[in-house]
Amino acid sequence: MPIGDDKPPVDGGRKVWGLFKSPFRNKTSYSNTTTLEGSIGQTNNKNNKSASYGVSSLIRSLIPMRRRLRLDPRSKLYFPYEPGKQVQSAIKIKNTSKSHVAFKFQTTAPKSCFMRPPGAILTPGESIIATVFKFVEPPENNEKPIDRKRKVKFKIMSLKVKGMMDYVPELFDEQKDLVTVEQILQVVFLDVARPSPALEKLKRQIAEAEAAVETRKKPPEDTGPKIVGDGLVIDEWKERRERYLARQQVEGDDSV
């Protein structure tokens, strides 16, 4: 037998050695593949969450929000045009929802305007007439009132609340995502020298608002027993008894 046949083939040895190495090589490549797939999966999950959040935000922006308040006037605030004076406007706000609703005023000119009340909480079906005070600056460079109405705007926002509570402006800061912009109101000046239905309606609303303020100032009527002197309680029954005894005494004196 030739001597050359006793030597194992070099290539065959390499193949056998390669078989021993192949499991480790496969394990390494498998672990690398698993790590890569995990990172890709995490990235896809983040992308899916971001995409779903963006889609939900887009849907919420496209769906019109249901109004909780009904305003009268609906989109404007009428002021009598009296340059150099503080004038007054009024708007009726009614809660048309089935829950308690807080509302809040905002304006682009907080230095020259203020609202009464600036905000409140309304029960279902409750209405209130809010008044707005504004200082009318004299016109500059022959400026017309119609040119000035676009400079100042008011915004009314609403927020659903759980039951009756004390109103604080911080409610709208704590729940910004749940706040609804009900209406942006434009300022319209009325000529006081020319009677108009809008001017007459404004006068009626202001009178109603002032009457409501005076009513709230009055102390509530006391329906309990009357307090006379130093803590003496006199009720209706005791008053009748005293009158009866007084009549009996007078009749006795007359008979004597």
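Residues numbered from 1 in each chain as written. Predicted model: local features only at pLDDT ≥ 70, side-chain atom pairs only at ≥ 80, totals over all residues. Heavy atoms only, no water.

1. So, unusual backbone geometry
A cis geometry characterises the amide bond from Asp-72 onward to Pro-73, with omega recorded as 0 degrees. Relative to the elements of secondary structure, Pro-73 occurs in the loop between strand S1 (69–72) and strand S2 (76–80). The omega torsion across Arg-116 and Pro-117 is -5 degrees, close enough to zero to call that bond cis. Considering the arrangement of structural elements, one finds Pro-117 in the loop between strand S5 (113–116) and strand S6 (119–122). (Helix = DSSP H or I, 4+ residues; strand = E, 2+ residues; numbered from the N terminus.)

2. Observations regarding the sheet that holds strand S8 (residues 153–161)
Spatial ordering of the open sheet is given by S2-S9-S8-S4-S6, a layout of five strands whose pairing is mixed. Of all strands in the sheet, those with a lone pairing partner are S2 and S6, marking the two edges. Sheet twist, expressed as the mean angle between neighbouring strand axes with direction ignored, is 25 degrees. Bridge count for S8 against strand S9 (residues 180–190) is six bridges, and the pairing is antiparallel. Bridge pairing in S9 links Lys-153 to Gln-186. Here helix H4 (residues 197–217) sits on the sheet and contacts S2 and S9; the angle it forms with S2, its principal contact strand, is near 90 degrees. (Pairing = 2+ DSSP bridges. Axes fitted to C-alpha atoms, helices over the stretch in contact; angles between N-to-C directions. Contact = heavy atoms within 4.5 Å.)

3. Here we look at the sheet that holds strand S7 (residues 127–135)
As summarised here, the arrangement of the four strands in space is S1-S3-S7-S5, forming an open sheet in which the pairing is antiparallel. Two strands lie at the open edges of the sheet, namely S1 and S5, each paired on one side alone. Averaged over all pairs of adjacent strands, the angle between strand axes in this sheet comes to 25 degrees, irrespective of strand direction. Contacting S1, strand S3 (86–95), S5 and S7, H4 runs over the sheet at an angle of about 75 degrees to S3.

4. A look at the confidence of the model for the protein chain
The share of residues in the protein chain with pLDDT of 70 or more is 61%, and the mean pLDDT across the chain is 76. In the predicted structure, residues 15–24 sits below a pLDDT of 50 and forms zero contacts with residues beyond four places in sequence or in another chain. Ignoring residues within four places in sequence, the model shows residues 27–34, a span with pLDDT below 50, making zero contacts including any to other chains. (pLDDT = per-residue confidence, 0-100.)

5. A few points about the environment of Val-187
Tracing the backbone through its elements, the reader meets Val-187 in strand S9. Taking the relative accessible area as the measure of exposure, Val-187 reaches 1% and is therefore buried. (Buried < 20%, exposed > 50% of the residue type's maximum accessible area, 1.4 Å probe, protein only.)

6. Looking at H4
Helical geometry: 3.6 residues make up each α-helical turn, so side chains three or four residues apart lie on a common side. Over its 21 residues, H4 runs 31 Å from end to end, which matches the ideal 30 Å to within 8%, given 1.5 Å per residue. When H4 is considered as a whole, its buried residues turn out to be Leu-199, Leu-202, Gln-205, Ile-206, Ala-209 and Val-213. Along the axis of H4, the buried residues cluster in a sector spanning 125 degrees; they form a single face. Residues of H4 that are exposed and angled more than 90 degrees away from the buried face: Pro-197, Arg-204 and Thr-215. Close packing links the buried residues of H4 with S1, S2, S3, S5, S7 and S9. (Expected span 1.5 Å × (residues − 1). Arc of directions from axis to C-beta.)

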